[in-house]
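# Chain and residue survey
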Amino acid sequence: DLKYSAEQSINGNWTSAAWARHKRELEEANPLVQLPYVVNHASGEVVAQSNAVYLYLGRVLGLCGRTRDEKLANEQVLFHLNLMWTQLRDLVYPEPGHSRSDSLSFRRALADHFENSVPDHYEKLESWLQTRKTDFFAGKRPCTADFHVWEMLDQQEEMARRHHHESPLLEYPVLR
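Residues numbered from 1 in each chain as written. Predicted model: local features only at pLDDT ≥ 70, side-chain atom pairs only at ≥ 80, totals over all residues. Heavy atoms only, no water.

Let's shift gears to the overall build of the protein chain. A count of helical and extended segments in the protein chain gives five helices and four strands. Helices and strands appear in the protein chain in the N-to-C order β-β-α-β-β-α-α-α-α. With respect to the three principal axes, the spread of C-alpha positions in the protein chain is 50 × 50 × 20 Å. A burial count over the protein chain gives 37% of its 176 residues as buried. Sequence separation of 24 or more characterises 49% of the internal contacts of the protein chain that already satisfy a separation of 6 or more. (Helix = DSSP H or I, 4+ residues; strand = E, 2+ residues; numbered from the N terminus. Buried < 20%, exposed > 50% of the residue type's maximum accessible area, 1.4 Å probe, protein only. Contact = heavy atoms within 4.5 Å.)

This part is about the pattern of salt bridges. Within this structure, the stated rule accounts for five salt bridges. Note that Asp 90 and Arg 89 form a salt bridge whose closest N and O atoms lie 2.8 Å from each other. Since its relative accessible area comes to 34%, Asp 90 is described here as partly exposed. Sharing partners across several salt bridges, the network here consists of Glu 158, Arg 161 and Arg 162. (Salt bridge = Lys/Arg side-chain N within 4 Å of Asp/Glu carboxyl O.)

Take the packing of aromatic side chains next. Where two aromatic rings form a pair, the distance of their centres and the angle of their planes describe that pair. All told, the structure shown has five aromatic pairs when counted by the stated rule. Here the aromatic rings of Trp 19 and Tyr 37 are separated by 5.6 Å at their centres, their planes lie at 20 degrees, and the arrangement is stacked. Placement of Trp 19 in helix H1 (residues 17–27) and of Tyr 37 in strand S3 (residues 37–39) is noted, with a sequence separation of 18 residues between them. There is no split in this pair, since Trp 19 and Tyr 37 are both buried. Centroid distance Tyr 122 to Tyr 172: 5.5 Å. Interplanar angle 85 degrees. Geometry classified as edge-to-face. (Phe/Tyr/Trp six-rings, centres within 6.5 Å; stacked < 30°, edge-to-face > 60°.)

Another aspect to go through is the environment of Lys 124. Summarising the element assignment, Lys 124 is placed in helix H4 (residues 103–132). We classify Lys 124 as partly exposed; its relative accessible area is 45%. Between the C-alpha atom of Lys 124 and that of His 80, which follows or precedes it by 44 residues, the distance is 9.4 Å.

Turning to the packing of helix H2 (residues 50–61) against helix H3 (residues 68–92), a few remarks are in order. Put simply, H2 and H3 touch, their axes get as near as 10 Å, and they point 155 degrees apart. One element, H2, and the other, H3, form an angle in the roughly antiparallel class. Between H2 and H3 the crossing geometry is right-handed. Contacts from Asn 51, Tyr 54 and Leu 55 of H2 reach H3 at Asn 74, Glu 75, Leu 78, Phe 79 and Asn 82. Residues of the contact of H2 with H3, tallied by class, amount to four nonpolar, three polar and one charged. (Axes fitted to C-alpha atoms, helices over the stretch in contact; angles between N-to-C directions. Parallel < 35°, antiparallel > 145°, perpendicular 65-115°, else oblique. Left-handed = near helix turned anticlockwise from the far one by under 90°. Nonpolar A, V, L, I, M, F, W, Y, C, P; charged D, E, K, R; others polar.)

Counting 27 residues, the largest nonpolar core has Tyr 122 and Leu 175 as the members making the most contacts within it. Every element with two or more residues in this core is listed here: H2, H3, H4 and helix H5 (144–162). Residue contacts for Leu 175: discarding those within four places in its chain leaves Tyr 122, Leu 125, Glu 126, Leu 129, Phe 137, Leu 153 and Leu 169. Among the nonpolar cores identified, the runner-up in size contains six residues, and Leu 26, Val 33, Tyr 37 and Val 46 belong to it. (Core = buried A, V, L, I, M, F, W, Y, C linked by side-chain atoms within 4.5 Å.)

Before going further, it helps to examine H5. Between its first and last C-alpha, H5 extends 27 Å over 19 residues, near the 27 Å set by a 1.5 Å rise per residue. Thr 144, Ala 145, Asp 146, His 148, Val 149, Met 152, Leu 153, Gln 156, Met 159 and Ala 160 are the residues of H5 that are buried. Close packing links the buried residues of H5 with H2, H3 and H4. At the C-terminal side of H5, His 164 shows a positive phi close to 60 degrees. (Expected span 1.5 Å × (residues − 1).)

The next subject is unusual backbone geometry. Residue Leu 35 is joined to Pro 36 through a cis peptide bond whose omega torsion reads -5 degrees. Residue placement: Pro 36 occurs in the loop between H1 and S3. Here Gln 49, not a glycine, exhibits a phi torsion of approximately 90 degrees, which is positive. With a phi angle near 55 degrees, Lys 133 is a residue other than glycine that sits in the positive phi range. Locating Lys 133 in the fold gives a position in the loop between H4 and H5.

Following this line, the structure appears as structure tokens:
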């Protein structure tokens, strides 16, 4: 289990000297390495990029779906969540000098996020579960997409709680 401490630089970006050193070592095995990544110590494989890590762990741990339909469903949900994650990343990590860099601008953008972006994604996810008539996003058992969905829902819930918004899940009983 590795942990990297981070410091904010003068230009407002975050940096970690320990990660930079470790990244150079990992790049010898995988020039594409970035956070998140996974190292398989048994095989020596170094896998990077969020969806590649989810798919790799799914294959290694048997969590990519059993049937062709489940595998396809797992992949579709994973890649849909990539858009949701990208929107969240842009909200909480705006480019330096972006208008959301102050607290008031962030709170306004967060309110807009909860009013517009989140409902759009939650409606699609809820509809997906209703259409497939399953408890999990790919089938009868959890797959890697389910873990990513739960992570994203949890992050939204925590942001709502900390910034005094209603739970975004209130209107989505199937997702709850």
